[in-house]
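# Descriptive structure summary
If you want the building blocks of each chain, they are given just below.
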Amino acid sequence: MKMDIKTYNVIAQQGLDVFPTEKYTVNQSQKPTALLIRSQDMHKTHFGTNVLAIARAGAGVNNIPLIEAANNGTVVFNTPGSNANAVKELIIALLVLAVRPVVPAAAWAKKVVGADVSLQTEKGKNHFAGTEIQGKTLGVIGLGNVGSRVAQAAANLGMRVIGYDPYISVEHAWKVSNQLPRAEKLAQLLPKCDFVTIHIPYTDKNRDLITAKELALMKDQAILFNYSRWGIVNEDDVVVALNQKHLRKYVTDFSSNKIVGHPKIMITPHIGGTTQEAETNGAVMAAQTLRKYLETGNIVNSVNFPTVEMPFESPVRMTMIHQNVPNMVGRITTILANDDINIDNMINKSRGQFAYTVIDIGQQPAEQLETLQKELLEIPEVIRVRVLKNEF
Ligand SMILES: NC(=O)c1ccc[n+]([C@@H]2O[C@H](COP(=O)([O-])OP(=O)(O)OC[C@H]3O[C@@H](n4cnc5c(N)ncnc54)[C@H](O)[C@@H]3O)[C@@H](O)[C@H]2O)c1
Ligand SMILES: O=C(O)CC[C@@H](O)C(=O)O
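A brief structural summary.

About the thresholds
- Residues numbered from 1 in each chain as written.
- Chains lettered and ligands numbered in written order.
- Predicted model: local features only at pLDDT ≥ 70, side-chain atom pairs only at ≥ 80, totals over all residues.
- Core = buried A, V, L, I, M, F, W, Y, C linked by C-beta atoms within 7 Å.
- Buried ≥ 20, exposed ≤ 12 C-beta atoms within 10 Å, placed from the backbone.
- Helix = DSSP H or I, 4+ residues; strand = E, 2+ residues; numbered from the N terminus.
- Contact = placed C-beta atoms within 7 Å.
- Pairing = 2+ DSSP bridges.
- Right-handed = clockwise from strand over helix to strand, strands pointing away.
- Near = placed C-beta within 6 Å.
- Nonpolar A, V, L, I, M, F, W, Y, C, P; charged D, E, K, R; others polar.
- Domains from an automatic or database assignment.
- Axes fitted to C-alpha atoms, helices over the stretch in contact; angles between N-to-C directions.

## Some details on the nonpolar core
With 49 residues, the main nonpolar core has Ile 91, Cys 193, Phe 195, Val 196, Ala 222, Phe 225 and Leu 247 as its most contacted residues. Elements represented by at least two residues in this core include exactly helix H3 (84–99), strand S6 (137–141), helix H6 (145–156), strand S7 (160–164), strand S8 (195–198), strand S9 (222–226), helix H10 (235–243) and strand S10 (247–252). For this core, the leading source of residues is H3, giving 8 residues. Ignoring any residue separated from it by four or fewer positions in sequence, one finds Ala 222 in contact with Cys 193, Asp 194, Phe 195, Val 196, Leu 247 and Arg 248.

## What to know about the pairing of strand S4 (residues 53–56)
The side chains of a regular strand alternate between both faces of the sheet. The side-chain alternation of S4 yields two buried faces, one formed by Ala 53 and Ala 55 and the other by Ile 54 and Arg 56. Of the strand pairs in this sheet, strand S3 (residues 34–37) and S4 are connected by 4 bridges, and their pairing is parallel. Looking across to S4, one finds that Ile 37 is bridged to Arg 56. In this region the chain leaves S4, passes through helix H2 (residues 66–71) and returns to the parallel neighbour strand S5 (residues 75–77); the handedness of that crossover is right-handed.

## Considerations on the site of ligand 1
Ligand 1 sits among 33 residues. The nearest are Gly 60, Gly 142, Gly 144, Val 146 and Gly 272. Of all elements in the fold, only H3 and H6 reach the threshold of two or more residues within the shell around ligand 1. Looking at the shell around ligand 1 element by element, the count peaks at 3 residues for H6. Here the residues of the shell around ligand 1 sort into 16 nonpolar, 14 polar and 3 charged. Counting contributing residues, the shell around ligand 1 receives three or more from each of domain 1 (1–82 + 275–304) and domain 2 (84–267).

## Thoughts on the sheet that holds S6
The 6 strands are arranged S7-S6-S8-S9-S10-S11 in an open sheet whose pairing can be described as parallel. In the strand order of this sheet, the two ends are held by S7 and strand S11 (265–267), each with one partner. Between one strand axis and the next, the sheet turns through 15 degrees on average, direction left out of account. In the sheet, S6 pairs with S7 via 5 bridges, with the strands oriented parallel. Its bridge partner lying in S7, Val 140 is registered against Gly 163.

## Concerning the environment of Leu 336
Within the secondary structure, Leu 336 sits in helix H12 (residues 328–338). Judged by the 18 C-beta atoms lying within 10 Å of it, Leu 336 falls in the partly exposed class. For the pair Leu 336 and Asn 50, spaced 286 residues apart in sequence, the C-alpha to C-alpha distance is 25 Å. Among all residues touching Leu 336, those that are not within four sequence positions of it are Ile 341, Ile 343 and Ile 359.

If you want it as structure tokens, here you go:
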């Protein structure tokens, strides 16, 4: 039977093309095998027990209930870095737009007509003088895929850059230049910066990272950018800081009734990752990750399960999603031994309260595999058992 991929939001065709029609359908079934999404709020969207995986084309996964999904035996993936360049380029453009009145200048120039148009524009341009970003200080909160690129690009443009990321991965620590000064604490970074840009995930811990307390620490007339998520910056406090003329501008990708229309707030409609390149990258990466998981059980770029990659060389593979409790491997392998099944290869890895076991075995009659699957599912802590046939 073919596997059905259900999509939400606009998914680039190049991503859908990753699924060969001999094996897959797209949006054809009420009971899809996997979901391919972008910003769809999965907290409010029911996904059935049949859904083996959800791939988010993009970075942020706060729109997906990760624990609930894991308890359902649903592996959730994202596409790290797929849209990071798009966000980086937009932030650089916005840094300039925040200090050069390009938009109002262009709107004004559009209205200036007549025989003396060049005279009038030359005369009027004085109203549109700006400042430069070179030599100014940019604070980058979060030095992951987006933040590390923003930091590097800003430094290349002659900005002084200070980074802050207490949880930086080894991979990104290597990528970020060792010339980049890093603050140990947010409170050290904020008073030094003319611009502060935030590139961190929305989590319980990061909710309200920037409140009145942090805003008060910022330099007078600094400009704050939030291209991460709504909720990381406290909007009430930002409006107060702007009205008190302490903060100069707030530039964000996340609109809300509290901030829309404020003269010192520039809002874009969540377009940080909206370029053809980023949408293609994300869709292709998400689709490839899904295919790998559906066809081999191997897990890469998951946000609720460990990375598990084992070459699929035997005729049959059994994958088990289970709670991370003692003696699971013992109980699983005992069942196989009792059924007289020899194990060719196996791997077990855990992440938090969940774990994943992959066992490769020889060819078995279909009924025996069915019985084995049932027996394994009888272990109370086992959430999902899949049997994959190797198509060599
Ligand atoms: N506007 C958009 O369209 C758009 C596009 C891409 C990403 N995003 C948002 O930006 C976020 C970051 O994207 P990314 O691709 O760089 O993710 P990433 O996972 O590569 O990097 C996030 C970094 O933030 C750091 N971090 C976490 N909490 C922190 C904190 N309290 N202080 C400082 N650093 C902290 C992590 O250690 C990590 O290095 C995403 O989670 C998403 O919400 C938005
Ligand atoms: O899907 C999008 O356009 C937004 C993606 C972005 O917010 C992300 O978290 O990667």
